[in-house]
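# Secondary and tertiary structure notes
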Amino acid sequence: MDRGYDECLYTIENSTITKALTVGDKPVLFRISSVRHSKLQIDVLSGYSPKIITVLGLYVSKWLDLDRDLAPFYKKLGRSNACAELTEKYKGLHLINIPNLFESICWSIIGQQINLSFAYKLKRRLVEKYGTSVQHQGKTHLIFPTPKSLQDAVPADLKIMQFSKQKINYLLTVANAFNTGQFSADHLEQLPTMKARQAKLLSLKGIGIWSANYVLMKSLNEPDSIPFGDAGLNKALKRLGIIKDRKEVQKIEAFFRPFAGWQSYLTLYLWRHLYGQGLVSNKKHEGQTSRQ
DNA sequence: TCCCAGGTGTCGA
DNA sequence: TCGACACATGGG
């Protein structure tokens, strides 16, 4: 999970992940570590209640996409000449999701058209100013802001934090849409088709096709959501010889078609392949990776 | 200095 | 419908 960026919403240390979360109205801090037989153990470090383990179990399962059996995906990868090597290289790599829809939408806006290092910087500034936190053994564990806390943000403050006027406008509009009830995770999930969910996301100012598909992939676990136009994705496809130019949309669609049911995962593996090749040079350092 | 980053909205043809 | 362009900043 450690991609070498300044991730502020969880901490990786000694093969464990520590994360703070708001459950109900209460902050909870938990740690995930691996135990024997490839099992994960969850320890509640603060905010324990008898019901919390069940809630955290479901959360972690969704966050790390633990219930996904990747065997059918590897079968499809094996049939593709261009992608056969991806199985061996990244076997066991699961999606890292963003279960919180508001966070996922905000993150897609923050990450638009800037390099990832800078995007992580902006996210940290936003979370430190408008989010909450849990203190534990001298360390601060940050929790992403709620729509309500971001609604009160002053544009001038966000400008000082190096958010562009456009991004400030988009973020405040999204916060407002959640606060007024125009937008909610429940409503979005209840829409009957992926197209309908995509259209709902596209209705938000600042959410284009890339962001909508990114959110569908990371927050709603859509299996066939491809962030078309993504710079990294295009670069990976060029590297594999699938396309020569990003405008070859039909070739991209034809390449993804046999992976129906696994197109989100194919995107993940292509991204990781790109990073694995060292084509993205703006990372702090090359980190040990297992999931994206 | 120039170009590219996990893009989007707007405008004009 | 499509291409051009502005937006905004860091890093190679």
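About the thresholds
Residues numbered from 1 in each chain as written. Chains lettered and ligands numbered in written order. Predicted model: local features only at pLDDT ≥ 70, side-chain atom pairs only at ≥ 80, totals over all residues. Heavy atoms only, no water. Helix = DSSP H or I, 4+ residues; strand = E, 2+ residues; numbered from the N terminus. Contact = heavy atoms within 4.5 Å. Pairing = 2+ DSSP bridges. Axes fitted to C-alpha atoms, helices over the stretch in contact; angles between N-to-C directions. Near = heavy atom within 4 Å. Polar contact = N/O pair within 3.5 Å; in protein donor to acceptor, adjacent residues only side chain to side chain. Nonpolar A, V, L, I, M, F, W, Y, C, P; charged D, E, K, R; others polar.

You can see Phe183 is positioned in the loop between α8 (165-179) and α9 (185-190). When the C-alpha positions of Phe183 and Glu128 are compared, they lie 25 Å apart, and in sequence the two are 55 residues distant. Setting aside anything within four residues of it in sequence, one finds Phe183 in contact with Leu101, Ile105, Ala177, Phe178, Leu188, Lys200, Leu201 and Leu204.

The next point concerns the sheet that holds strand β4 (residues 39-46). Spatially, β1-β2-β3-β4 is the arrangement adopted by the 4 strands of the open sheet, whose pairing is antiparallel. The sheet is open, and its two edges are formed by β1 (11-13) and β4, each paired on a single side. Looking at each pair of strands side by side, their axes are set apart by 30 degrees on average, direction ignored. Across 7 bridges, the pairing between strand β3 (residues 26-35) and β4 is antiparallel. Looking across to β4, one finds that Ser33 is bridged to Gln41. Against the sheet, helix α1 (residues 52-63) makes contact with β2 (16-23), β3 and β4, and its axis sits at roughly 65 degrees relative to β3, the strand it touches most.

What follows deals with the protein's contact with DNA strand B. The full set close to DNA strand B counts 23 residues, and Arg3, Leu116, Gly206, Ser211 and Tyr214 are the nearest of them. Sugar and phosphate atoms represent 59% of those atoms of DNA strand B found within 4 Å of the protein. Between DNA strand B and Asp230, the relevant distance is 3.2 Å, taken from a sugar or linking oxygen to a side-chain nitrogen or oxygen of the residue. Elements with a minimum of two residues in the surface near DNA strand B: α8, α11 (209-219) and α12 (231-239). Tallying contributions element by element places α11 first for the surface near DNA strand B, with 4 residues. In the surface near DNA strand B, the residues fall into 10 nonpolar, 8 polar and 5 charged.

On to the side chain of His94, then. On the secondary structure map, His94 appears in the loop between α3 (84-90) and α4 (101-110). At 2.9 Å, the side chain of His94 forms a polar contact with the backbone oxygen of Asp65.

Taken together, 10 residues surround DNA strand C, and among them Lys121, Gln162, Ser164, Lys165 and Gln166 come closest. Protein-adjacent atoms of DNA strand C, using a 4 Å cutoff, are sugar or phosphate at a proportion of 75%. Within the side chain of Lys121, a nitrogen or oxygen atom sits 3.3 Å from a phosphate oxygen of DNA strand C. Measuring from a phosphate oxygen of DNA strand C, one finds a side-chain N or O atom of Gln162 at 2.3 Å. Those elements that place two or more of their residues in the surface near DNA strand C are α5 (116-130) and α8. Partitioning the surface near DNA strand C into residue classes produces 1 nonpolar, 6 polar and 3 charged.

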